[in-house]
Amino acid sequence: MTKNSLSDTAALRALLSETSDSNLLAEMLGFVADRLMALDVDQLCGASAHERSSDRMNHRNGYRSRAWETRAGRVDVKIPKLRKGSYLPEFLEPRRAAEKAMTAVIQEAYVQGLSTRSVDDLVKAMGMTGVSKSQVSRLCGEIDERVDAFLNRPLEGEWPYLWLDATYIKVRRGGRIVSVAAIVAVAVNLDGRREVLGIAVQPSEAEVFWDEFLRSLADRGLRGTCLIIADDHKGLKAAAAKVLGATVQRCRVHFMRNALACVGKKDKPIVTAALRTAFDQDTLAESKEHWAKLIDAFETRHPKLADLMRRAEDDVLAYKSFPREHWVKIHSTNPLERLNKEIKRRTNVVGIFPNEAAVTRLVGALMLEQNDEWAITRRYMTLETVAAICDTTPMDPATIAAL
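Treat the numbers as computed from the prediction; the structure is a model and nothing was measured.

(A) Structural view of the overall build of the chain. Scanning the chain for helices and strands turns up 16 helices and eight strands. Each of the 403 residues in the chain was classed as buried or not, and the buried ones make up 43%. Contacts spanning at least 24 positions in sequence make up 63% of the contacts within the chain whose residues lie at least 6 apart.

Shown next as structure tokens:
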């Protein structure tokens, strides 16, 4: 056994005998962290502390103290400093953006005195024993800078398909708890890749909101949008036509729920099968023909369903005007389902947000991470099928001159 091993063993035995049971785990974490950092720095320097060696590349230059918040409690560690360069151990690397955002939201509620018993318990479960306003301000500022840059970046090229979906979140406003909609906008570009274009937190789904949100995307460069896939949001259709000149595809999944709400329980299987036959037709014309027959068939027994189908026909079948290869991805907002589940999972942990800026911070950080993940995965749609959506035929020079 080497001298260093004997020294470590003796130190660990002393730690076990002198530390109370309540602090043992935190102290052991600190002991292991110190040894790991020592080994890291030995490799970076090319020699152990106080060792004379021709292989030495660097020298130690003291320590800096840092509090390491863990599930076992607060651990005070001393991080070695180097004469040349800097050193930060991997286990103290900055948290991912979404984890920082969640911590900031909880801390903000904690500091502002808005925390409930459940938030108090959550703070302790995360290993935080207390937090100052300056810490919250610093952490929030760092996250907000990254999220704002992401949500306000210029949008280049054309984006033929745009998905919009909302998740409802509880926020404190004026001493009351209200529900606000966190709208997420995701689009596919001509490379067939998905990107999160932006988010908005609004209390209303009126046309003025949709007009403002879509204009903000257009001002950043959104163009070439042919189809917007969304639920039956009030005011969206008018705003989409006015701002982007795009058609709106009503989410087929949500439409089916609305349709089944118009009939009794025993008729739901029959109605579901009947509507699917209309969607399964090979062309838009055939689907419309079948749709008309179903309206006539339902008129007598289910007048509410017939009226809904009559009003929703153009919107719910809009996707059939686009390449068949895309139908499964553009007939509903299901491609955003995983995204919304993650938003719900994270926001449910917080419960009630202290303000709308906190919602933007957490949801924006999540979208930033998702966007980075999509950037390195395979294309969502093939180049050939996406190119077929837009008219990219070059114009004749004489035609251009006449414009």
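(B) Here's a closer look at the packing of helix 8 (residues 252–260) against helix 9 (residues 268–279). Between helix 8 and helix 9, the shortest axis-to-axis distance is 10 Å and the interhelical angle comes to 145°. Relative to helix 9, the crossing made by helix 8 is right-handed. Contacts between helix 8 and helix 9 involve Arg 252, Phe 255, Met 256, Ala 259 and Leu 260 from the first element and Lys 268, Val 271, Thr 272, Leu 275 and Phe 279 from the second. Residue composition of the contact of helix 8 with helix 9, grouped by class: seven nonpolar, one polar and two charged.

(C) Examining a nonpolar patch on the surface more closely. Together, Val 32, Leu 36 and Leu 39 make up an exposed nonpolar region whose accessible area comes to about 270 Å². Judged by relative accessible area, Val 32 falls into the partly exposed class, the value being 44%.

(D) Helix 14 (residues 356–375), seen in detail. A rise of 1.5 Å per residue sets the reference length of helix 14, with its 20 residues, at 28 Å; its end C-alpha atoms lie 28 Å apart and thus fit the reference within 8%. With 14 of 20 residues buried, helix 14 lies mostly within the body of the structure. One side-chain oxygen of the residue at the start of helix 14 lies 3.3 Å from the amide nitrogen of Ala 357, identifying that residue as Asn 355.

(E) Here's a closer look at the side chain of Arg 56. Mapping Arg 56 onto the fold places it in the loop between helix 2 (24–45) and strand 1 (60–70). For the buried Arg 56, which has no salt bridge, the nearest side chain bearing the opposite charge is Glu 51, at an N-O separation of 5.6 Å. Here Glu 51 takes part through its backbone oxygen, which lies 2.7 Å from a polar atom of the side chain of Arg 56. A distance of 3.1 Å separates a polar atom in the side chain of Arg 56 from the backbone oxygen of Asn 58. Filtering out sequence-adjacent residues up to four positions away, Arg 56 remains in contact with Cys 45, Gly 46, Ala 47, Ser 48, His 50 and Glu 51.

(F) The arrangement of the packing of helix 13 (residues 337–350) against helix 14 in detail. At a closest axis distance of 10 Å, the pairing of helix 13 and helix 14 adopts a crossing angle of 145°. The element helix 13 and its partner helix 14 pack so that their crossing is right-handed. In this structure, helix 13 contributes Arg 338, Leu 339, Glu 342, Ile 343, Arg 346, Thr 347 and Val 350 to the contact, and helix 14 contributes Leu 362, Val 363, Leu 366, Met 367, Gln 370, Glu 373 and Trp 374. Split by residue class, the contact of helix 13 with helix 14 holds eight nonpolar, two polar and four charged.

(G) Focus on the nonpolar core. If you look at the biggest cluster of nonpolar residues, it comprises 63 residues, and the most contacted ones within it are Phe 255, Leu 275, Trp 291 and Met 367. In terms of residues, this core owes the most to one element, helix 14, which gives nine residues. Leu 162, Ala 166, Ile 183 and Ala 185 belong to the second-largest nonpolar core, a separate cluster that totals 26 residues.

(H) Here's a closer look at the packing of aromatic side chains. Evaluated as defined, the whole model comprises eight aromatic pairs. Seen from their ring centres, Tyr 161 and Phe 322 are 5.8 Å apart, and the 65° between their planes marks the pair as edge-to-face. A residue pair is termed long-range when its members are at least 10 positions apart, and Tyr 161 in strand 3 (residues 161–173) and Phe 322 in the loop between helix 11 (303–316) and helix 12 (327–330) qualify at 161 residues. The exposure class assigned to Tyr 161 is buried, which follows from its relative accessible area of 0%.

(I) Main features of the pattern of salt bridges. Scanning the entire structure with this criterion turns up 20 salt bridges. Notably, a salt bridge pairs Asp 211 with Lys 242, separated by 3.4 Å at the nearest N-O pair. Of this pair, Asp 211 sits in helix 6 (residues 207–219) while Lys 242 sits in helix 7 (residues 236–243), placing them 31 residues apart in sequence. What makes Asp 211 buried here is its relative accessible area of 15%. For Arg 311, the salt bridge goes to Asp 307, with nearest N and O atoms at 3.1 Å.

(J) Representation of the environment of Cys 262. When you line up the elements, Cys 262 lands in the loop between helix 8 and helix 9. Taking the relative accessible area as the measure of exposure, Cys 262 reaches 27% and is therefore partly exposed. A sequence separation of 44 residues divides Cys 262 from Ala 306, and the C-alpha atoms of the two residues are 9.2 Å apart. Aside from chain neighbours lying at most four places away, what touches Cys 262 is His 302, Lys 304, Leu 305 and Leu 308.

What counts and how
Residues numbered from 1 in each chain as written. Predicted model: local features only at pLDDT ≥ 70, side-chain atom pairs only at ≥ 80, totals over all residues. Heavy atoms only, no water. Helix = DSSP H or I, 4+ residues; strand = E, 2+ residues; numbered from the N terminus. Buried < 20%, exposed > 50% of the residue type's maximum accessible area, 1.4 Å probe, protein only. Contact = heavy atoms within 4.5 Å. Axes fitted to C-alpha atoms, helices over the stretch in contact; angles between N-to-C directions. Left-handed = near helix turned anticlockwise from the far one by under 90°. Nonpolar A, V, L, I, M, F, W, Y, C, P; charged D, E, K, R; others polar. Patch = residues over 30% accessible without salt bridge, like charges linked within 9 Å, V, L, I, M, F, W, Y side chains within 5 Å. Areas by Shrake-Rupley, 256 points an atom, 1.4 Å probe, with all protein chains shown as cover. Salt bridge = Lys/Arg side-chain N within 4 Å of Asp/Glu carboxyl O. Expected span 1.5 Å × (residues − 1). Polar contact = N/O pair within 3.5 Å; in protein donor to acceptor, adjacent residues only side chain to side chain. Lys, Arg positive; Asp, Glu negative; His and termini not counted. Core = buried A, V, L, I, M, F, W, Y, C linked by side-chain atoms within 4.5 Å. Phe/Tyr/Trp six-rings, centres within 6.5 Å; stacked < 30°, edge-to-face > 60°.

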